[in-house]
Amino acid sequence: MRRLLVSIGLIGLLAAPARAEVSELRVAKQYGLAYLQLILMEDQRLIEKHAKAAALGDIAVTWATFRSSDVMNDSLIAGTVDFVCVGTPGLATIWAKTRGTIDVRGAAGLNAVPVHLITRNPAVKTLRDFTDKDRIALPAVKVSIQAIFLQMAAAKEFGPGNYAKLDPLTVSMAHPDAFAALTGGQSEITAHFASPPFSYREMARPELRVVLKSYDVIGGKMSFNVVAATNKFRATNPKLYGAFLAALEEATASINADKRAAAEAYLRVT
């Protein structure tokens with residue numbers, strides 16, 4: 001009798017339908033040119049295209065734009081998004097925080113982009129010239145990649161023990177708001193650690209000047225942003241996970257093949 005029950009149980013297990021993948025994919029990006037692949041993926045519906053090619057049918061893709069890595073990390077932990085784009089420090093933070101639970105991991109590299117610390121204070125020529133009257137806008141204090149660059153530069157300038165010397169001057173602010181504050185002239189914001197295209201627009205203004213370049217801090221190019229997701233999502237949605245990466249690869253190839261067309265698409269969409 002025991003053998004019969006086991007056999008029936010196995011038959012029932014083998015006959016059970018495979019668990020379907022999710023029918024909606026939720027993706028988050030940030031502001032700026034660094035997220036051009038994601039912008040093209042949304043505009044051209046590339047994820048939907050590759051999902052259909054993977055026999056997943058009509059997948060609904062929803063997009064969100066967040067200020068910085070810390071907000072994205074919170075959303076990923078809360079389960080309200082599936083893929084996020086974060087700076088490398090943000091990925092290291094959430095990877096360490098979620099080990100053994102949801103296991104957030106890097107899914108793909110995204111770009112190598114320079115960022116610039118730009119000021120409108122004529123008295124500021126180097127980091128040593130910042131005073132308590134200055135305020136430096138960046139996406140997230142202490143955890144954004146700009147915040148880490150600032151700490152690295154401070155460690156070089158003031159000594160390793162003073163790496164956080166300029167942290168009290170930093171303010172969390174989305175790039176569009178920081179650009180408006182810096183160029184408006186009426187805000188307490190006197191500097192902005194900006195990424196493209198905001199940095200390019202700021203550097204074109206004669207009253208603004210560059211104080212620090214990220215490539216000088218790090219000694220060359222590096223990954224600015226990476227795409228992250230949970231290991232659970234990858235394990236339970238392998239086809240959709242693959243469709244996202246295929247769409248990302250297509251968007252990247254498209255940009256590299258025709259940069260002018262990609263720039264025109266960015267201007268049109270944003």
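Treat the numbers as computed from the prediction; the structure is a model and nothing was measured.

Draft legend 1. Molecular detail of the nonpolar core. Grouped together as the largest cluster of nonpolar side chains are 55 residues, with contacts concentrated most on L25, M41, L117 and F130. It is helix 11 (residues 238–257) that provides the largest number of residues to this core, a total of eight residues. For M41, the contacting residues outside a window of four places in its chain are L46, I47, W63, F244, A247, L248 and A251. The next biggest cluster of nonpolar side chains, apart from the first, holds 12 residues, and it includes F66, M72, V86 and L91.

Draft legend 2. Focus on the sheet that holds strand 5 (residues 116–119). Taken in spatial order, the five strands of this open sheet run 7-6-8-5-9, and their pairing is mixed. This sheet does not close on itself; its edge strands, each paired only once, are strand 7 (170–172) and strand 9 (209–213). Geometrically, the sheet is characterised by an average inter-axis angle of 30 degrees between neighbouring strands, direction not taken into account. Where strand 5 lies against strand 8 (residues 191–194), four bridges are found, and the strand directions are antiparallel. Within strand 8, the position partnered with I118 by the bridge is H192. Across the sheet, helix 6 (residues 145–158) lies against strand 5, strand 6 (136–138), strand 7, strand 8 and strand 9, angled at about 135 degrees from strand 6, the strand it touches most. Strands strand 5, strand 6 and strand 8 of the sheet are contacted by helix 7 (residues 175–184), whose axis makes an angle of about 145 degrees with strand 8.

Draft legend 3. Inspection of the pairing of strand 5 at higher detail. The alternating pattern of strand 5 places H116 and I118 on one face and L117 and T119 on the opposite face, and all of these are buried. Of the strand pairs in this sheet, strand 5 and strand 9 are connected by four bridges, and their pairing is antiparallel. What sits directly across from L117, in strand 9, is L212.

Draft legend 4. Examining the environment of A54 more closely. For A54, the location among the structural elements is in the loop between helix 3 (46–53) and strand 2 (60–65). In this structure, the C-alpha to C-alpha distance between A54 and K239, residues 185 residues apart in sequence, is 6.5 Å.

Scoring rules and cut-offs
Residues numbered from 1 in each chain as written. Predicted model: local features only at pLDDT ≥ 70, side-chain atom pairs only at ≥ 80, totals over all residues. Heavy atoms only, no water. Core = buried A, V, L, I, M, F, W, Y, C linked by side-chain atoms within 4.5 Å. Buried < 20%, exposed > 50% of the residue type's maximum accessible area, 1.4 Å probe, protein only. Helix = DSSP H or I, 4+ residues; strand = E, 2+ residues; numbered from the N terminus. Contact = heavy atoms within 4.5 Å. Pairing = 2+ DSSP bridges. Axes fitted to C-alpha atoms, helices over the stretch in contact; angles between N-to-C directions.

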